[in-house]
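Examination of the molecular architecture
One-letter residues, chain by chain:
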Amino acid sequence: MLSRPQRRALNDIPDCRTAALGGHLQQCDRCGHRILLYNSCRNRHCPKCQATARAKWLAQRQTELLPVPYFHVVFTLPQQIGRLALQNAKPIYNILFHAASRALLETAADPRLLGASIGFLAVLHTWGQNLHLHPHLHCVVPGGGISPDGSRWISCRKSSFFLPVRVLSSRFRKIFLRSLRAAFRRDLLHFHGELRALRDPRQFRLLCQQAETIPWVVHVKPPFGGPQRVLKYLSRYTHRVAISSHRLRSLENGRVSFEWKDYRDRSRTKTMTLEATEFIRRFLLHILPSGLVRIRQFGFLANRVRQPKLKHCRTLLALCQPCTLIRSDIAADVHLPDTKACPICKQGRLIVIELVAAEPIPFLNTS
């Protein structure tokens, strides 16, 4: 049975930028050129609707950048734990955010390691290249933090090293499993079908015990530079959906072909062909529950304290103004295109002269 967000995605995405949603007719005020533009669905899982949202979000982040190296940390759930999200997406993903954020904050606060209060951004991805369920968090972390007494900025001891992976992995696993057990005791997890056996406390306890014996993957990538590169790097991960339109190759005889990278084979690009029903099933695995926020900020970047904390960070870093000096090639990826400029004469402005009514197009019945 499809959830309400899944049904909505199946209805919204096929209608996006078609006559089904209506639109508006624009005309150039100089040359008279006309353009008919159909409305977008604005569904957060639609591949066509993310470019504008991404550009707006990234533009807002420009003033939050600090003149320090940034690290990319990835937290991945093991397969036997990640599959629980098939039937418990909201609690599992919330626990993932909690465990990863606590692991980073607590490890960085350890005086033997960094001894600082850090801030970071976390983005939830639930897919692998083949569209199977693969829950993981991408965290973008400034290389340093505020000292416990707030008097100075503490940088990483080595410019190429952030925090020890083994410590992060162990703490991440411990916090996640502790929170998972608490959710089970509070009856927040529900199991049916192939996972029905996990209703038995003994079977659930065995699953957690087995998960404690395996390593949990935490990957810390080398620093990718300072603020001049971080926005362009972020644009690869924020507002991404399970599969982008450019990866789709064909739809023939009820089978969908798309490109994917096989990371087990030296990241070679290959083509995968699936039955259309299987392709849709895999895509729907990544439709998030309503109300689940998939981009979150923690530490000194948390919403409630961000502005005063960033001001304090800049003071400690002897930077009086927000960092807005972005290289032109990166700025092009961030700023919104001028959609009002006439594409023909290049001098006129497009103005709306007529609204076009919606014409419902039958596609899928998901009721």
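I will try to describe carefully the structure that is included in this document.

A few points about the sheet that holds strand 12 (residues 295-299)
Taken in spatial order, the 5 strands line up as 8-3-5-4-12 in an open sheet, and their pairing is antiparallel. Looking at strand neighbours, the two that pair on one side only are strand 8 (218-221) and strand 12, the edges of this open sheet. The sheet shows a mean angle of 20 degrees between the axes of neighbouring strands, taken without regard to direction. Note: strand 3 (residues 70-76) against strand 5 (residues 133-142), 7 bridges, orientation antiparallel. By the bridge assignment, Thr-76 is partnered in strand 5 with His-136. With respect to the sheet, helix 5 (residues 165-185) is in contact with strand 3 and strand 8, its orientation differing from that of strand 8 by roughly 145 degrees.

Some words on the packing of aromatic side chains
Tallied over the full model, the rule gives 11 aromatic pairs. With centroids separated by 5.0 Å and ring planes inclined at 65 degrees, the aromatic side chains of Phe-75 and Phe-172 adopt a geometry described as edge-to-face. Taken together, the residues Phe-75 in strand 3 and Phe-172 in helix 5 connect sequence positions 97 residues apart. Where Phe-120 meets Phe-298, the ring centres are 5.3 Å apart and the plane angle is 25 degrees; that geometry is what we call stacked. You can see Phe-120 sitting in strand 4 (residues 119-127) and its partner Phe-298 sitting in strand 12, a full 178 residues away along the chain. An identical accessibility class is assigned to Phe-120 and Phe-298; each is buried. An aromatic cluster is defined as three or more aromatic residues linked by ring pairs; in this entry it consists of Phe-75, Phe-172, Phe-176 and Trp-216. Residue placement shows Arg-61 over the ring face of Trp-57; its charged tip is 4.8 Å from the ring centre. Residue placement shows Arg-296 over the ring face of Phe-97; its charged tip is 4.0 Å from the ring centre.

Section: the pairing of strand 1 (residues 23-28)
Where burial is concerned, most of strand 1 is hidden: 5 out of the 6 residues are buried. Direction of pairing for strand 1 relative to strand 2 (residues 34-38): antiparallel, over a ladder of 5 bridges. Its bridge partner being in strand 2, Leu-25 is matched across the sheet by Leu-36. The antiparallel pairing of strand 1 with strand 2 creates a hairpin that spans 5 residues between the two strands, and Gly-32 there sits at a positive phi of about 80 degrees. As judged from the 6 bridges shared by strand 1 and strand 13 (residues 350-356), these two strands associate in the antiparallel manner.

Focus: the state of the cysteines
Applying the stated criterion across every chain yields a total of 0 disulfides. Cys-313 provides the cysteine sulfur closest to Cys-156, a residue in no disulfide bond, and the two sulfurs are 13 Å apart.

Remarks on the sheet that holds strand 13
The 3 strands are arranged 2-1-13 in an open sheet whose pairing can be described as antiparallel. Lying at the two open borders of the sheet, with one neighbouring strand each, are strand 2 and strand 13. In this sheet, neighbouring strand axes are inclined to one another by 25 degrees on average, regardless of whether the strands run parallel or antiparallel.

Brief notes about helix 1 (residues 4-15)
Each α-helix winds once per 3.6 residues, and so residues spaced three or four apart point in a common direction. The end-to-end C-alpha distance of helix 1, which contains 12 residues, comes to 17 Å, matching closely the 16 Å that a straight helix rising 1.5 Å per residue would cover. Taken as a whole, helix 1 has its buried residues at Pro-5, Gln-6, Ala-9, Leu-10, Asp-12 and Asp-15. Contact partners of the buried residues in helix 1: helix 8 (276-284). Downstream of helix 1 by one or two residues, Arg-17 has phi in the positive range, about 55 degrees.

Let's talk about the side chain of Asp-262
Tracing the backbone shows Asp-262 in strand 10 (residues 255-262). Among the residues examined, Asp-262 registers a relative accessible area of 14% and is labelled buried. Apart from the residues lying within four places of it in its own chain, the contact partners of Asp-262 are Ser-267, Arg-268 and Lys-270.

Observations regarding the nonpolar core
By size, the foremost hydrophobic cluster in this structure holds 54 residues, and its most contacted members are Phe-75, Leu-104, Phe-162, Phe-172, Phe-176 and Leu-180. Those elements that place two or more of their residues in this core are strand 3, helix 4 (89-109), strand 4, strand 5, helix 5, helix 6 (201-212) and strand 8. The biggest single contributor to this core is helix 4, with 12 residues. When residues no more than four places from it in sequence are discounted, the contact partners of Phe-176 are Leu-77, Ile-81, Ile-92, Ile-95, Leu-96, Ala-99 and Trp-216. Counting 22 residues, the second largest nonpolar core, distinct from the first, contains Trp-57, Leu-121, Tyr-233 and Ile-295.

Reading the values: rules and limits
- Residues numbered from 1 in each chain as written.
- Predicted model: local features only at pLDDT ≥ 70, side-chain atom pairs only at ≥ 80, totals over all residues.
- Heavy atoms only, no water.
- Pairing = 2+ DSSP bridges.
- Helix = DSSP H or I, 4+ residues; strand = E, 2+ residues; numbered from the N terminus.
- Axes fitted to C-alpha atoms, helices over the stretch in contact; angles between N-to-C directions.
- Contact = heavy atoms within 4.5 Å.
- Phe/Tyr/Trp six-rings, centres within 6.5 Å; stacked < 30°, edge-to-face > 60°.
- Buried < 20%, exposed > 50% of the residue type's maximum accessible area, 1.4 Å probe, protein only.
- Lys NZ or Arg CZ within 6 Å of the ring centre and 35° of its normal.
- Disulfide = S-S within 2.5 Å.
- Expected span 1.5 Å × (residues − 1).
- Core = buried A, V, L, I, M, F, W, Y, C linked by side-chain atoms within 4.5 Å.

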